[in-house]
Amino acid sequence: MIKSREEILSINPVFTQFILDLQMSFKPEPYEEGESVILDMNDDKGTVLTKELADKLNEEQNQEFEQNRDSNPFTNPKPLQFIESRLIISSKDNTTEYLNDIANSLENIRLELGETNLMILGVQNTPWLYQENEYLPVKNALNYLSKKIDKNFDGGFLLNGEAILEFIPHLFWLIRCNASLPYFYISYPKSKTVISICKYGVLHFEFYNQNEKIKILKLMSDLNFKELDNCEDPIEFDVFDGRQIKISS
């Protein structure tokens, strides 16, 4: 199911608070009087800011930040009680099997927790189709998404069963190769765990409940997943020049 940002953020208060806390970490540093900044492409020497100009730039960037960050639909939100993080990889040794195993594990977690859906949302409101890419796995992912959403869609998805197994490999290639997109986060409607897949194909678990942590880690062990200390490619996914960053003209 395709959902707006507001709809996704109205489901799970833990997930929502995680997203909002992360957004606040992106708040830009304020400009200061006396600082030298490049204000346009022709300003090769930089401009030393007066107090008035610094105040004006701060007001503009704060307005932009506030316009683009999400609001919390839950009344009296509580600070998150972080337990710990874990990094986990599949034991599969080729790309297709590895990504299918990751997708299958997320579906198994959904079933283990008795949840209706898995939910996915980008931490920022950048549209999913913002960046084009001719690298075949990414192009296939974009073609897959373009049949479901338009170019301005910045919301999220509620998935279960086969839809998870179909979606997650495409999500990985967007994460790995399209650097202009935001980080994407995964959870379940009643869960107190936040999951992400990094560009190396490593599952990142952020636990906010001890019992849920124990249950999920046992499941992942039963599924023959392994823990890592640091992120690195667990297998050779591809050979390509690198992630592409879209430069706005």
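Residues numbered from 1 in each chain as written. Predicted model: local features only at pLDDT ≥ 70, side-chain atom pairs only at ≥ 80, totals over all residues. Heavy atoms only, no water.

### Observations regarding the overall build of the protein chain
Within the protein chain, the regular secondary structure consists of seven helices and ten strands. For 249 residues, the compact-globule estimate of 2.2 N^0.38 gives 18 Å, and the protein chain sits close to it at 20 Å. Taking the principal axes of the C-alpha coordinates as reference, the protein chain spans close to 60 × 45 × 35 Å. Looking at the protein chain alone, contacts between residues at least 24 apart form 75% of all its contacts between residues at least 6 apart. On the protein chain, roughly 13800 Å² of surface is accessible, and the fraction owed to carbon and sulfur atoms is 47%. Looking at the protein chain, you have 25 positive and 40 negative side-chain charges, and the mean spots of the two groups are 6 Å apart. (Helix = DSSP H or I, 4+ residues; strand = E, 2+ residues; numbered from the N terminus. Rg over C-alpha atoms; globule rule 2.2 N^0.38 Å. Contact = heavy atoms within 4.5 Å. Areas by Shrake-Rupley, 256 points an atom, 1.4 Å probe, with all protein chains shown as cover. Lys, Arg positive; Asp, Glu negative; His and termini not counted. Charge placed at Lys NZ, Arg CZ, Asp CG, Glu CD.)

### Concerning the packing of helix α4 (residues 95-112) against helix α6 (residues 162-177)
Two numbers describe how α4 lies on α6: the axes approach to 8 Å, and their chain directions differ by 125°. Our classification of the angle between α4 and α6 gives oblique. α4 and α6 meet at a crossing whose hand is right-handed. Residue-level contacts link T95, L99, N100, I102, A103, N104, L106, E107 and R110 of α4 to I164, L165, I168, P169, F172 and W173 of α6. Split by residue class, the contact of α4 with α6 holds ten nonpolar, three polar and two charged. (Axes fitted to C-alpha atoms, helices over the stretch in contact; angles between N-to-C directions. Parallel < 35°, antiparallel > 145°, perpendicular 65-115°, else oblique. Left-handed = near helix turned anticlockwise from the far one by under 90°. Nonpolar A, V, L, I, M, F, W, Y, C, P; charged D, E, K, R; others polar.)

### A closer look at the pattern of salt bridges
Two side chains bearing opposite charge may form a pair once their charged atoms approach each other closely. One pass over the full model with this rule turns up eleven salt bridges. The partner of E84 in a salt bridge is R86, with the nearest N and O atoms 3.1 Å apart. According to the relative accessible area criterion, E84 is partly exposed, its value standing at 22%. One salt bridge connects D222 with K218, and the closest N-O pair in it is separated by 2.9 Å. Here D222 pairs with K218, and both are found in helix α7 (residues 210-222), just four residues apart, close to one helical turn. Each member of the pair D222 and K218 is classed as exposed. (Salt bridge = Lys/Arg side-chain N within 4 Å of Asp/Glu carboxyl O. Buried < 20%, exposed > 50% of the residue type's maximum accessible area, 1.4 Å probe, protein only.)

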